[in-house]
Amino acid sequence: MLNEITQLRTIIEQDLQALGVAPSKDHLEQFRLKHLVRKGTLAELTERLRDVPKEDKPAVGKELNVLKTLAESEFKRLSEEISVEAASASTLDLTLPGRRLRHAPKHPINQTLDEMLAIFNRMGFAIAEGPEIEDDLHNFEALNFPPDHPARDMQDTFFMEATNRDGSKRDDVLLRTHTSPVQVRLMQSQKPPIRAIMPGRVYRNEAISARSLAEFHQLEGLYVDKNVSLAELKGTLVSFAQQFYGPMLGGKELKYRFRPSFFPFTEPSAEMDITCFLCGGKGCRICKYAGWLEILGCGMVHPNVLKAGGIDPEEYSGFAWGMGIERVTLLRTGLDDIRLLYDNDVRILEQFA
Ligand code: DAH
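Residues numbered from 1 in each chain as written. Predicted model: local features only at pLDDT ≥ 70, side-chain atom pairs only at ≥ 80, totals over all residues. Heavy atoms only, no water.

K.L.:
Please clarify how helix α10 (residues 326–333) should be interpreted in this entry.
P.N.:
Since the α-helix advances by 3.6 residues per turn, residues separated by three or four positions end up pointing in the same direction. When you tally the buried positions in α10, you get six out of eight residues, the bulk of the element. Of the positions making up α10, those classed as buried are Glu 326, Val 328, Thr 329, Leu 330, Leu 331 and Thr 333. For α10, the secondary structure elements touched by its buried residues are α5 (108–122), β7 (215–225), α8 (230–245), β10 (292–301) and β11 (317–324). Two residues or fewer after α10 comes Gly 334, characterised by a positive phi angle close to 80°. (Buried < 20%, exposed > 50% of the residue type's maximum accessible area, 1.4 Å probe, protein only. Helix = DSSP H or I, 4+ residues; strand = E, 2+ residues; numbered from the N terminus. Contact = heavy atoms within 4.5 Å.)

K.L.:
Honestly, the nonpolar core in this entry has me stumped. Any pointers?
P.N.:
Most often, soluble globular proteins keep nonpolar side chains buried together rather than apart. Of all hydrophobic cores here, the largest spans 46 residues; its most connected members are Leu 219, Tyr 245 and Trp 321. For this core, the secondary-structure elements that each account for two or more residues are α5, β7, α8, β9 (266–275), β10, β11 and α10. Looking at this core, the element that brings in the most residues is α8, giving seven residues. Setting aside chain neighbours within four positions, we find Trp 321 in contact with Phe 120, Phe 125, Ile 197, Leu 219, Glu 220, Gly 221, Leu 222, Leu 237, Leu 296, Gly 297 and Cys 298. In this structure, Ala 142, Val 182, Leu 186 and Leu 222 belong to the second largest nonpolar core, which totals 22 residues. (Core = buried A, V, L, I, M, F, W, Y, C linked by side-chain atoms within 4.5 Å.)

K.L.:
Explain the sheet that holds β11 to me, please; I cannot follow it from the model alone.
P.N.:
Across a sheet, paired strands are connected by hydrogen bonds in the backbone, their directions being either parallel or antiparallel. Spatially, seven strands are ordered β1-β6-β7-β11-β10-β9-β8 in an open sheet, and the strand pairing comes out mixed. On the outer flanks of this sheet lie β1 (126–127) and β8 (256–263), each paired with one strand and no other. With 10 bridges connecting them, strand β6 (residues 194–203) and β7 associate as antiparallel partners. Each bridged residue has a counterpart across the sheet, and for Arg 195 the counterpart in β7 is Tyr 223. (Pairing = 2+ DSSP bridges.)

K.L.:
I tried to follow the environment of Val 66 on my own but got confused; where do I start?
P.N.:
Along the chain, the position of Val 66 falls in helix α4 (residues 57–91). Under the relative-accessibility criterion, Val 66 is labelled partly exposed at 42%. Separated by 57 residues in the primary sequence, Val 66 and Arg 9 place their C-alpha atoms 9.8 Å from one another.

K.L.:
When you look at the packing of aromatic side chains in this model, what are you seeing that I'm missing?
P.N.:
This structure, assessed with the given rule, holds 15 aromatic pairs. When the ring of Phe 120 is compared with that of Phe 125, the centres are 5.7 Å apart and the planes differ by 80°; the resulting orientation is edge-to-face. For the pair formed by Phe 120 and Phe 125, the shared burial category is buried. On the basis of an interplanar angle of 80° and a centroid distance of 4.9 Å, the ring pair of Phe 244 and Tyr 245 is categorised as edge-to-face. As far as the burial class goes, Phe 244 and Tyr 245 line up, both buried. An aromatic cluster is built from Phe 120, Phe 125, Tyr 223, Phe 240, Phe 244, Tyr 245, Phe 277, Phe 319 and Trp 321, whose rings are joined through pairwise contacts. (Phe/Tyr/Trp six-rings, centres within 6.5 Å; stacked < 30°, edge-to-face > 60°.)

K.L.:
Where do I start with the site of the ligand in this structure?
P.N.:
In the vicinity of the ligand lie 15 residues, with His 178, Gln 183, Arg 204, Gln 218 and Glu 220 positioned nearest. Contacts to the ligand include Glu 220, whose side-chain N or O atom sits 2.6 Å from an oxygen atom. The separation between an oxygen atom of the ligand and a polar main-chain atom of Trp 321 is 3.3 Å. In isolation the ligand exposes 360 Å². Once the protein is present, 88% of that is buried. Residue assignment for the shell around the ligand shows that the elements contributing at least two residues are α7 (180–189), β7, β10 and β11. Counted by class, the shell around the ligand contains five nonpolar, eight polar and two charged residues. (Near = heavy atom within 4 Å. Polar contact = N/O pair within 3.5 Å; in protein donor to acceptor, adjacent residues only side chain to side chain. Areas by Shrake-Rupley, 256 points an atom, 1.4 Å probe, with all protein chains shown as cover. Nonpolar A, V, L, I, M, F, W, Y, C, P; charged D, E, K, R; others polar.)

K.L.:
Hey, could you run me through the pattern of salt bridges in this one?
P.N.:
Close approach of charged atoms allows side chains with opposite charge to pair. Evaluated as defined, the whole model comprises 17 salt bridges. For Arg 339, the salt bridge identified is with Asp 337, shortest N-O distance 2.8 Å. For Asp 337, a relative accessible area of 17% translates into the label buried. The network of salt bridges with shared partners includes Arg 257, Arg 259, Glu 271 and Asp 273. (Salt bridge = Lys/Arg side-chain N within 4 Å of Asp/Glu carboxyl O.)

K.L.:
For this particular structure, what's the right way to read the pairing of β11?
P.N.:
Each regular strand shows side chains that alternate between the opposite faces of the sheet. One ladder, built from eight bridges, connects β7 with β11; its direction is antiparallel. Pairing of Asp 225 across the sheet is with Ser 317, part of β11.

K.L.:
What is the right way to look at the state of the cysteines in this model?
P.N.:
In a disulfide, the sulfur atoms of two cysteines are held together by a covalent bond. Evaluated as defined, the whole model comprises zero disulfides. Cysteine Cys 276 is unpaired, with the sulfur of Cys 279 as its nearest cysteine sulfur at 3.6 Å. (Disulfide = S-S within 2.5 Å.)

K.L.:
Hey, could you run me through the environment of Arg 259 in this one?
P.N.:
Counting through the fold element by element, Arg 259 comes out in strand β8. Considering only alpha carbons, one finds Arg 259 and Ala 270, 11 residues apart in sequence, at a separation of 5.3 Å. Sequence-distant contacts of Arg 259, defined by excluding residues within four places in its chain, comprise Ser 269, Ala 270, Glu 271, Asp 273 and Glu 294.

K.L.:
Quick question: what am I supposed to make of the packing of helix α1 (residues 2–19) against helix α3 (residues 41–48) here?
P.N.:
The description of two packed helices rests on the angle between their axes and on the distance between the axes. The geometry of α1 relative to α3 is characterised by a closest axis approach of 11 Å and an angle of 170° between their N-to-C directions. In terms of axis orientation, α1 runs roughly antiparallel to α3. Across the interface between the two elements, Glu 4, Ile 5, Leu 8 and Ile 12 of α1 pack against Thr 41, Leu 42, Leu 45 and Arg 48 of α3. Residue classes in the contact of α1 with α3 are distributed as five nonpolar, one polar and two charged. (Axes fitted to C-alpha atoms, helices over the stretch in contact; angles between N-to-C directions. Parallel < 35°, antiparallel > 145°, perpendicular 65-115°, else oblique.)

K.L.:
Mind showing me how you'd approach unusual backbone geometry here?
P.N.:
Glycine aside, residues mostly have negative phi, and peptide bonds are mostly found in the trans state. Residue Pro 193 is bonded to the preceding Pro 192 through a cis peptide linkage, with omega at 5°. Here Pro 193 lies in the loop between α7 and β6. Phi is positive for Lys 288, close to 55°, though the residue is something other than glycine. As for its placement among the helices and strands, Lys 288 is situated in the loop between β9 and β10. Here Lys 288 falls in the exposed class, since its relative accessible area comes to 64%. In the Ramachandran plot, Asn 344 falls in the positive-phi region, its phi being about 60° despite a non-glycine side chain. As for its placement among the helices and strands, Asn 344 is situated in the loop between α10 and α11 (346–351). With relative accessibility at 69%, the residue Asn 344 sits in the exposed group.

Note that every value here comes from positions in space, so none of it alone points to a role or purpose.
Here it is, written out as structure tokens:
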């Protein structure tokens, strides 16, 4: 009897092998009719268990059961496989039109930046970039910030835990708070004339609200050469403003003004305002009823900054400016919450494609 069980096992295994991994329904049914039904091979052998001597019964019965379980579980597994395949076959409709590929439109922040870069490119400014993880030297010291300047305060600056290669701790590593350190890196790495714009992401330890984020973008500019004058600063920035903001004024002439201001890295320093392009200067909620919008900070590069960059201030002079990208992007798009620019909601992107 044990012999016969072994023979049947060989047959069943061969049949299973013939069925393969994805048998047809008919072949699987043939397998069932041959082995698993009441008149099938397994039932037949089970019937003959009666004639086996009592003392052999447990061993023979066990052997037969093992074979039965194998045949049944394999049958079940293959049946399930077939039904999954059938289900997916019925949902595959080859006549359906293909899905349209969605191509991502440019993010509004990049749209703003690209337009600005194009304008300055045409004026001969090259694009330069620097690291977002900076040190105190480039972010503050070389830019003529005094050691006790409030901007170095933990409240404003994200300082980072950092170690030197030898394991000693550093306390001067930070996320850059503005793009101005790229100016220093440029001056240290190339000789005048330098004429570059520096777009990038900056970080400040600020509470997140509809109006401010802890990370945002700036565009920095630097021009260093012999005899660079304040008049050139003015000419360059007015020309930029006319090209960039002019189209938003609906044909009206752009009005601007330079207000004296203070930055440690420029002397003299100024801020540039233009007529509010939303109310045309009459005063509205956006310009806080002033009629003016501040668009950038600028000035003549401080001699100490030139020196820190390895440039002789007796021989060279320069001007620089920096402006935020988010606020003008909000004004252009009409979005009223800065966080919308960072939510990664494709519906926002699609609106401004
Ligand atoms: N770094 C300044 C800021 O983050 C912006 C700025 C002002 C940059 C004047 C300049 C500049 O290069 O000359 O607010």
